[in-house]
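Working through the structure, step by step
Here are the chains, one letter per residue:
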Amino acid sequence: MNGAHLESVLENEIAEYLAANGWLYSPTGAGYDRERALLPDDVLGWLAESQPIEFAKVVRPDDSEAQREAASRSILTRLTKSLDNDPMKNGGTIRILHEGFSMVPLHGGAVKFRMAQFRPATTNNPETLVDYAKMRVRVVRQVHYSAKHPNKALDLVLFVNGIPVATVE
């Protein structure tokens with residue numbers, strides 16, 4: 001057996017195990033935004049489901065489809081900039097997952113988004129439990145991550161609400 005075959009079997013076993021234990025599973029990197037290093041559908045889906053009031057302040061339901069798409073892109077751009085900031089200046093993956101990020105939509109009024117809801121220590125707050133259940137943890141196989149080198153791929157990438165948090169090679 002060659003090494004590539006064994007590697008593929010291991011990748012498959014890890015991905016299937018995670019999928020069997022509540023993770024979303026994508027067998028390919030389809031939907032991955034190389035420029036932003038995000039899964040946009042998971043980011044926007046998490047925000048729309050877990051924070052519908054805040055989300056509607058940016059992506060307004062009464063706007064045209066083009067306006068909603070532009071607003072969605074502005075969320076992704078702001079999130080990307082927040083992730084790129086120095087962790088000592090309110091940036092970085094861990095800080096954004098813990099503290100979220102803020103933005104000011106084109107039509108005004110600051111909005112703060114949470115990017116994760118960690119498991120609550122108690123069951124006293126049912127809303128927290130509901131939001132925790134909305135978390136999108138996903139394992140993605142063969143993520144082509146580079147615009148400069150389109151054939152390079154990571155074997156497995158683990159995402160939390162569309163944000164990559166770990167790679168497995």
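Per chain, residues are indexed from 1 in the order of the written sequence. Owing to the predicted nature of the model, reporting of local features is limited to residues with pLDDT of at least 70; listing and counting of side-chain atom pairs is limited to 80 or more, with chain, interface and lining totals taken over all residues. The side-chain figures draw on all heavy atoms in the structure; neither hydrogens nor water molecules are used.

1. Section: the overall build of the protein
Applied cut-off: The numbering of helices and of strands both runs from the N terminus, where a helix is a DSSP run of H or I of at least 4 residues and a strand a run of E of at least 2. Exposure is judged per residue with a 1.4 Å probe applied to protein chains only, and the accessible area is read against the type maximum: over 50% gives exposed, under 20% gives buried, and values in between give partly exposed. The contact rule is simple, with two residues in contact once any of their heavy atoms fall within 4.5 Å. With residues, only the protein chains shown are counted as cover, and all accessible areas are computed by Shrake-Rupley using a 1.4 Å probe. In this tally Asp and Glu are treated as negative and Lys and Arg as positive; neither His nor the chain ends contributes. Where a charge lies is defined by one atom per residue type, namely NZ (Lys), CZ (Arg), CG (Asp) and CD (Glu).
Along the protein, the regular secondary structure elements total six helices and six strands. What you see in the protein, going N to C, is helices and strands ordered as α-β-α-α-α-α-β-β-α-β-β-β. Projected onto its principal axes, the C-alpha positions of the protein cover 60 × 45 × 35 Å. Taken over 169 residues, the protein has a buried fraction of 37%. Contacts spanning at least 24 positions in sequence make up 54% of the contacts within the protein whose residues lie at least 6 apart. Counting every atom, the protein has about 10000 Å² of accessible surface; 55% of that belongs to carbon and sulfur. Each charge sign in the protein was given a centre, from 19 positive and 21 negative side chains, and these centres are 6 Å apart.

2. So, the sheet that holds strand β1 (residues 24-26)
Convention followed: Paired strands are those between which DSSP finds at least two bridges. Angular values range over 0 to 180 degrees, each being the angle between N-to-C directions of two axes fitted as lines to C-alpha atoms, with helices fitted over their stretch in contact.
In spatial order, the strands read β1-β4-β5-β6; together these four strands make up an open sheet with mixed pairing. Strands at the two margins of the open sheet, each flanked by one partner only, are β1 and β6 (163-168). Here the average twist between neighbouring strands, direction ignored, is 25 degrees. Bridge count for β1 against strand β4 (residues 137-143) is three bridges, and the pairing is parallel. Within the sheet, the bridge partner assigned to L24 lies in β4 and is R138.

3. Brief notes about unusual backbone geometry
One non-glycine residue with positive phi stands out, namely A37, at about 60 degrees. Turning to its location among the elements, A37 is positioned in the loop between β1 and α2 (40-50). Phi is positive for Q142, which is not a glycine, with a value near 50 degrees. A relative accessible area of 31% means that Q142 is categorised as partly exposed.

4. Re the pairing of β4
Note on strand geometry: in a regular strand, side chains alternate between the two faces of the sheet. Most of β4 sits out of view: five of its seven residues are buried. In terms of strand pairing, β4 meets strand β5 (residues 154-160) through six bridges, oriented antiparallel. Note that in β5 the partner of V143 across the bridge is L154.

5. So, the pattern of salt bridges
Applied cut-off: For this analysis, a salt bridge means a side-chain nitrogen from Lys or Arg found within 4 Å of a carboxyl oxygen belonging to Asp or Glu.
As enumerated under the stated definition, the model contains 10 salt bridges in all. Note that D42 is salt-bridged to R136, the shortest N-O span being 3.5 Å. Here R136 lies in the loop between α6 (126-133) and β4 and D42 lies in helix α2, a separation of 94 residues in the sequence. For the pair formed by D42 and R136, the shared burial category is buried. Taking the shortest distance from any N to any O, the salt bridge between R114 and D131 comes out at 3.0 Å. Of this pair, R114 sits in the loop between β3 (111-113) and α6 while D131 sits in helix α6, and the two are 17 residues apart along the sequence. Residue R114 is classed as partly exposed on the basis of its relative accessible area, which comes to 29%. Connected via shared salt-bridge partners are D42, E49, R136 and R138.

6. Details of the confidence of the model for the protein
If pLDDT is low for a region, its predicted coordinates should not be looked at in detail. Rules: pLDDT expresses, on a scale from 0 to 100, how confident the predictor is about each individual residue.
In this model, the protein carries an average pLDDT of 92, and 97% of its residues clear a pLDDT of 70 or more. α2 holds the highest mean pLDDT among the elements of the protein, 98, whereas helix α1 (residues 3-20) holds the lowest, 86.

7. Remarks on the environment of T123
Here T123 is to be found in the loop between β3 and α6. C-alpha of T123 to C-alpha of T80: the two residues are 43 residues apart in sequence and 33 Å apart in space.

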